[in-house]
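The primary structure of each chain is shown beneath.
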Amino acid sequence: MKLKKFLFLCCILFAAALAIGCTNNLKPQNPLQEKYGPDADYFIGLQELQNKDTKKALRHFTKASTQGSKYIRRRSLEQKIKLGNIKQQVAGAKEYLTLYNDDAALIFAGKIFFENKEYALLLDSTSFIDITKCPNELAKMRITAMSEKKDSRLSNTICQWFTGRKITPDHIDFYYGPLTQILSSNESDFAKALSVIIDFRIFVSEKDYFSAMELIPSVKEFCEKSQVIPFTNFLVADLGRCYYTSSTKYKENAEYFEALSNSSFARNNAVKYFSLIYAGRINDKSGVYISRAEKNFIDAMNCAPTDEDYDMALWFLLNTNLSVSTDRCVATIEQYASTWKNPYYFTDVLDNLSLLLFTSGKWNSFPKLYKALDGYGDNATTSKFAYITGQLINKGLLKGTEEDKAAAFSKAFELNAGTDIYYRLLAAKELNIDLKEIESKIFTPTTAVSATNDAEAEKLLLGYADFGFEDLIYPEWQYFYTLNNKIFDINTICQAAEFLRKCGNSTNNNYYKSLHMVTKTTNLDNSPLTRKVFELSYPKNFSKEIKAACEEFGIEEYDMLGLIRTESFFNPIVESRAGALGLSQLMESTFNDCASRLKIDNANITDPQTNIRVGTYYYSSLVSRLDDSDILALFAYNAGITRVRRWLQSSKVGLGLFKNLSSDLFLETIPISETRNYGRKVIQSAAIYAWLYYDKNPCDIIDEMM
């Protein structure tokens, strides 16, 4: 009996030991491996590359290149090919091109062929490309390979690349680098003519119109008379820029382009189009032949090769109208608004029209415009004209009933313009809409996945975030966004952008990248928005430094957050075209003067803490010098205090309509469009920051700042 008990106990212990052993042998799966399945091998391979273990990395890339999802397979194959020896790289690139045949694939494979001097393979794989449309990187590799192989098509290919597309820095660097030797070794008449044409186009691209004008007789000889070089629409446009900028023979020059539009060269519709565009521009510049200019632009619209070309011709027509009469411009908008292709193309001309309507007191045009734009203009601009209509009725400057006023304000509030909600908030204030309703109308969560969203592309982007590859997120997003700006759902962008924001610091530009990704995605009308989207669009970066500076100088934190977001998008090392530097975008002279007043020794303008402190001090000094007015201080921050005082005086006296122009309408009279837009952006940003983080009604903040 004792023996039986002993054996029974041994069996139990053995079974328990066996169970424990089996449990220990089961490797717990990494949660990310479970989430991404076979795709995880690509990201693990990248981690092994970081650890410099190429053998392990290769095993993971090989597995993911066959078992992963669509984009993971492609990226894994690229990594696998790059890890091979020369022979394996070349063979892998050839195989890669059997699977993928887009521009990115050609560049990837082309680089491998080029670096390994497989010029014949490079030429064969790029034989079908259009040199006037392919990426410049691909064009340069093909031209260099042709030169190495003494290809008879070389001169014609160079000619197409330099005459059949816009001149870029790539063209210029290549021309003064490898191409100089290539052309100098060719003494044919064609090569000599081509060198002249290239010189001419580069001079125009660099705005050296004096040098370009000297070459025009030769250009006409080679392109029009002897026709040694094809007369492309780009050459027509370059001739047009020269004549428009540097010649006062308006009638003669316009007639030249009008004749060109009816010549045999105009069999190329783009040549006809650009001939008419520059005939119109020159006629318009003359100030005399305005009717002819308008006809030129309308004719150009009728033969426009692309939608963008149509919009450009209409844009020129509207600007010509605007130089003659606001009434004429309004009538043209009423006639053509339903035909334009991209409403954002016309935002600037509509903004300028609004200014001229204000300064001439043509209030009746505002309701005409908001009704003409409804359904055709971009929502932010339509909202603007609707709001101004309601406010003009409110101020008694425009006849209208209470119903008309309410309808205009309601239209301004209802239009979804993404995170561009300046006029929506102004309208909400006038309608006395409470905060809950504002939030319910503006925070519109995603209800359905767009048909254009690509789950596999989203998985790739989110994988970079989940596995910690911050440097790969932004370029991958740019690649896909260029192909299709609706390929990513807003929730995917938010997750990737939030990861980048967490990686942001004072020495990198991840804050900017995060912000740029979100704002580009929400910049389209009818974008679905949530509170999270707004928080990522209006982040509290550098909050500790901003809080300290605002407490020191008596400025509201949300005001400074709005200013810095507008000025630099939280990029601490950004420099403007005018030379302003850092987060608060200060000119060095202003920065040095303020730093001296604050007794800061060896002040560094790009140091975030110093830049924020000096910028806050400067803004606070403007507020105190302008009667404690936030909005006037903002205008002065952007354009200078002397200008603001002059604008304030001219708006009250020049309009001659009332003594005290309300701040929202005063903003619309600022003569510099950059400053008008700046004022709107900072006020909107400050209101949103106060709303999101300081538990304030955004309408109250607008009241406070206005």
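Residues numbered from 1 in each chain as written. Predicted model: local features only at pLDDT ≥ 70, side-chain atom pairs only at ≥ 80, totals over all residues. Heavy atoms only, no water.

**What to know about the overall build of the chain**
Line of reasoning, step 1. In terms of regular secondary structure, the chain is built from 40 helices and 0 strands.
Line of reasoning, step 2. Expressed along its principal axes, the backbone C-alpha trace of the chain runs to roughly 120 × 75 × 55 Å.
Line of reasoning, step 3. Carbon and sulfur atoms provide 50% of the accessible area of the chain, an area that totals close to 33500 Å².
Line of reasoning, step 4. In the chain, 82 side chains carry a positive charge and 85 a negative one; their mean positions are 4 Å apart. (Helix = DSSP H or I, 4+ residues; strand = E, 2+ residues; numbered from the N terminus. Areas by Shrake-Rupley, 256 points an atom, 1.4 Å probe, with all protein chains shown as cover. Lys, Arg positive; Asp, Glu negative; His and termini not counted. Charge placed at Lys NZ, Arg CZ, Asp CG, Glu CD.)

**Some points on the packing of aromatic side chains**
Line of reasoning, step 1. Taken as a whole and assessed by the stated rule, the structure comprises 48 aromatic pairs.
Line of reasoning, step 2. Centre to centre, the rings of F358 and W363 are 5.4 Å apart; their planes meet at 80°, and the pair counts as edge-to-face. Here the two residues F358 and W363 agree in accessibility, since each one is buried.
Line of reasoning, step 3. The positively charged end of R75 is found above the aromatic ring belonging to Y479, 5.1 Å away from the centroid.
Line of reasoning, step 4. Above the plane of the ring of Y244 lies K285, whose end atom (NZ or CZ) is 4.7 Å from the centre. (Phe/Tyr/Trp six-rings, centres within 6.5 Å; stacked < 30°, edge-to-face > 60°. Buried < 20%, exposed > 50% of the residue type's maximum accessible area, 1.4 Å probe, protein only. Lys NZ or Arg CZ within 6 Å of the ring centre and 35° of its normal.)

**Focus: the environment of I438**
Line of reasoning, step 1. Of note, I438 is situated in helix α26 (residues 435-442).
Line of reasoning, step 2. I438 has contacts with F413, L425, A428, I433, W691, N697 and C699, leaving out every residue within four places of it along the chain. (Contact = heavy atoms within 4.5 Å.)

**Points about the pattern of salt bridges**
Opposite charge on two side chains permits them to pair, given that their charged atoms come into close proximity.
Line of reasoning, step 1. Evaluated as defined, the whole model comprises 35 salt bridges.
Line of reasoning, step 2. Here R74 ties to D102 by a salt bridge, and the two come within 2.8 Å at their closest N and O atoms. Pair noted here: R74 is in helix α5 (residues 70-82) and D102 is in the loop between α6 (86-99) and α7 (103-115), with a separation of 28 residues, a long-range link.
Line of reasoning, step 3. Residue R74 is classed as buried on the basis of its relative accessible area of 9%.
Line of reasoning, step 4. One salt bridge connects E78 with R75, and the closest N-O pair in it is separated by 3.3 Å. Placement of both E78 and R75 in helix α5 is noted, with a separation of 3 residues, approximately one turn of the helix. (Salt bridge = Lys/Arg side-chain N within 4 Å of Asp/Glu carboxyl O.)

**A few points about the side chain of E294**
Line of reasoning, step 1. Mapped onto the secondary structure, E294 falls in helix α18 (residues 290-302).
Line of reasoning, step 2. Look past the residues within four positions of E294 in its chain and what remains in contact with it is L317, T320, N321 and R328.

**Concerning the packing of helix α10 (residues 154-163) against helix α13 (residues 189-205)**
Axes are the key here: two packed helices are described by the angle between their axes and the distance separating the axes.
Line of reasoning, step 1. Contact pair α10 / α13: the axes reach a minimum separation of 10 Å and the direction vectors enclose 20°. Classed by the angle they form, the pair α10 and α13 counts as roughly parallel. Read as a crossing pair, α10 and α13 show a hand that is left-handed. From α10, S155, N156, I158, C159, F162 and T163 reach across to α13, where they touch F190, L194, I197, I198 and R201. (Axes fitted to C-alpha atoms, helices over the stretch in contact; angles between N-to-C directions. Parallel < 35°, antiparallel > 145°, perpendicular 65-115°, else oblique. Left-handed = near helix turned anticlockwise from the far one by under 90°.)

**Quick word on helix α24 (residues 402-414)**
Line of reasoning, step 1. Taking 1.5 Å of rise per residue, the 13 residues of α24 would be expected to cover 18 Å, and the 18 Å separating its terminal C-alpha atoms lies within 8% of that figure.
Line of reasoning, step 2. Within the sequence span of α24, burial applies to K405, A408, F409, A412 and F413. All buried residues of α24 fall inside an arc of 135° around its axis, so they share one side. Residues E403 and E414 are exposed on α24 and point more than 90 degrees away from its buried face.
Line of reasoning, step 3. Turning to α24, the residues buried within the fold contact α22 (365-373), α23 (379-394), α25 (422-431) and α26. (Expected span 1.5 Å × (residues − 1). Arc of directions from axis to C-beta.)

Any link to function would need more than the numbers given here.
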